[in-house]
Amino acid sequence: MNPFAKAFCRIYQACFHLVLPLLPYREPKVYHSLEDVKSILKDLGVKSVLLVTDKGLASTAGFKTLVEEVQQSGVLLAIYDETNANPTVNNVNAAKKSYLDNHCEALIAYGGGSPMDCAKGVGSLIAYPKKTIQQMKGLLKVLRKIPPLIAIPTTAGTGSEVTITSVITDSETKYKYTINSFSLIPSYAILDPKVTLSLPPHMTSTTGMDALTHATEAFIGRSTSKETERLSKEAVRLIFDNILKVYEHPEDLEARKNMLMASYKAGIAFSKSYVGYIHAIAHSLGGEYNIPHGLANAAIMPYILKAYGKKAEKRLYLLAQAAGILEKTDTVESGARKYIAAIEELNRKMNIPTTFPQIQEKDIPVMAKHAAKEANPLYPVPKLMNAKELEKFYYVLKGEKDA
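Residues numbered from 1 in each chain as written. Predicted model: local features only at pLDDT ≥ 70, side-chain atom pairs only at ≥ 80, totals over all residues. Heavy atoms only, no water.

K.L.:
Summarise the overall build of the protein chain; cite the residues concerned and give the values.
P.N.:
Across its full length, the protein chain holds 14 helices and nine strands. For 403 residues, the compact-globule estimate of 2.2 N^0.38 gives 22 Å, and the C-alpha radius of gyration of the protein chain, at 20 Å, lies within 12% of that figure. Each of the 403 residues in the protein chain was classed as buried or not, and the buried ones make up 61%. Relative to all contacts within the protein chain whose residues are 6 or more apart in sequence, the contacts with residues 24 or more apart total 78%. With the model as given, the accessible surface of the protein chain reaches about 16500 Å², and the carbon-plus-sulfur share is 54%. (Helix = DSSP H or I, 4+ residues; strand = E, 2+ residues; numbered from the N terminus. Rg over C-alpha atoms; globule rule 2.2 N^0.38 Å. Buried < 20%, exposed > 50% of the residue type's maximum accessible area, 1.4 Å probe, protein only. Contact = heavy atoms within 4.5 Å. Areas by Shrake-Rupley, 256 points an atom, 1.4 Å probe, with all protein chains shown as cover.)

Pasting the structure below:
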């Protein structure tokens, strides 16, 4: 990246960092059981609600319990269960139609990041009925209140139940973009570990690694605060202590509860301190090839952390310390290497692939441009890179070059 572009990015990030404490960030009101949805709906006083989910989750026991709880509350229930793994503009528009057709007054998102992103998109369109979802992309475009949103995560990873972000894929261009506004933070979050019991092992692992990516990128960036540093380290400790437990022993409710809390803490951290190139590249891969977000993050993370080199060593050392993987004799350099090696070991133990052979060389320049456009100048990364510099990571992920 040329010196002028670097200077612009750093000045932009410094200014944004200065105003962050003044921005209207809030946390949702947290509950811990699906049964609490009845009291929430009673407090809201709504007559009809739209439940956003996907086909796979709509057949689970947890979903059926949720439906029963809503019906027992006396509130009319409409269901949209067509959300894609990477929610599209078409998903958002179809769910909005269901919301309006059924005269809904609130939203429930049941699932991982995808149903939550879709529900946030619906809320944005209800708040701005004359705008398209494409017009919401970017930072602070949704300033009006969205309808009350109850987020129920079925994965311990995305942190969407506490974030300002919705990620939507353009169905035509395959461009995956983010909508970042404080009004998108859900009003309520129900963190019930029982609903994560139905997760297959590969989703348990990749969504858990998604949370680790959030905590890591939030901590190593240049827009941290004492609060986000603390939350990131707490999330890292919880993940290293529990992710293999839930992968190898899916019925371990205590470990699942800990992973939900790790995801929640990491979600707050990256909402306030932002992410980096891992996320930007993962979004481009999700848009182009529909690669699940957590899977993409897990595979990319070691490559990007290595590329940051000395710029991230001290911060990675501190994360290794939080993870409990250091010896007294470790230097900053060896501690940083241990942290990256531990991530690679988690990927190996949980059978997470490190390459994506479906990547086509012809698509790489466009994906790299999308990633650079998302990240620069907003993401306060340790080391700045332009689109051309980001291209190498796609070749590594394709399996054609060394990291």
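K.L.:
Can you lay out the environment of Ile300 for me, pointing to particular residues and giving the numbers?
P.N.:
With respect to the helices and strands, the residue Ile300 is situated in helix 10 (residues 293-308). Note: C-alpha distance between Ile300 and His279 (21 residues apart in sequence) is 8.8 Å.

K.L.:
Talk me through helix 5 (residues 113-127); I want residue IDs and the actual numbers.
P.N.:
Helix length check: helix 5 (15 residues) gives 21 Å between terminal C-alpha atoms against 21 Å at 1.5 Å per residue, within 8%. Within helix 5, 14 of the 15 residues are buried, leaving the element largely enclosed by the surrounding structure. (Expected span 1.5 Å × (residues − 1).)

K.L.:
Tell me about the pairing of strand 7 (residues 165-169), residues and numbers included.
P.N.:
For strand 7, the tally of buried residues reaches five of five residues, placing the bulk of the element in the interior. Burial of strand 7 is two-sided: the residues Thr165, Val167 and Thr169 facing one way and the residues Ser166 and Ile168 facing the other way are all buried. Across five bridges, strand 7 lies against strand 8 (residues 176-180) in antiparallel orientation. Bridging from a neighbouring strand, Thr165 pairs with Asn180 of strand 8. Adjacent in sequence and paired antiparallel, strand 7 and strand 8 are bridged by six residues, among which Lys174 carries a positive phi angle near 65 degrees. (Pairing = 2+ DSSP bridges.)

K.L.:
Account for the sheet that holds strand 7, with residues named and values stated.
P.N.:
Taken together, three strands build an open sheet; the order of strands is 5-8-7 and the sheet is mixed. Of all strands in the sheet, those with a lone pairing partner are strand 5 (138-139) and strand 7, marking the two edges. In this sheet, strand 8 lies alongside strand 5 in parallel orientation, the contact comprising two bridges. Paired with Leu139 across the strands is Asn180, a residue of strand 8.

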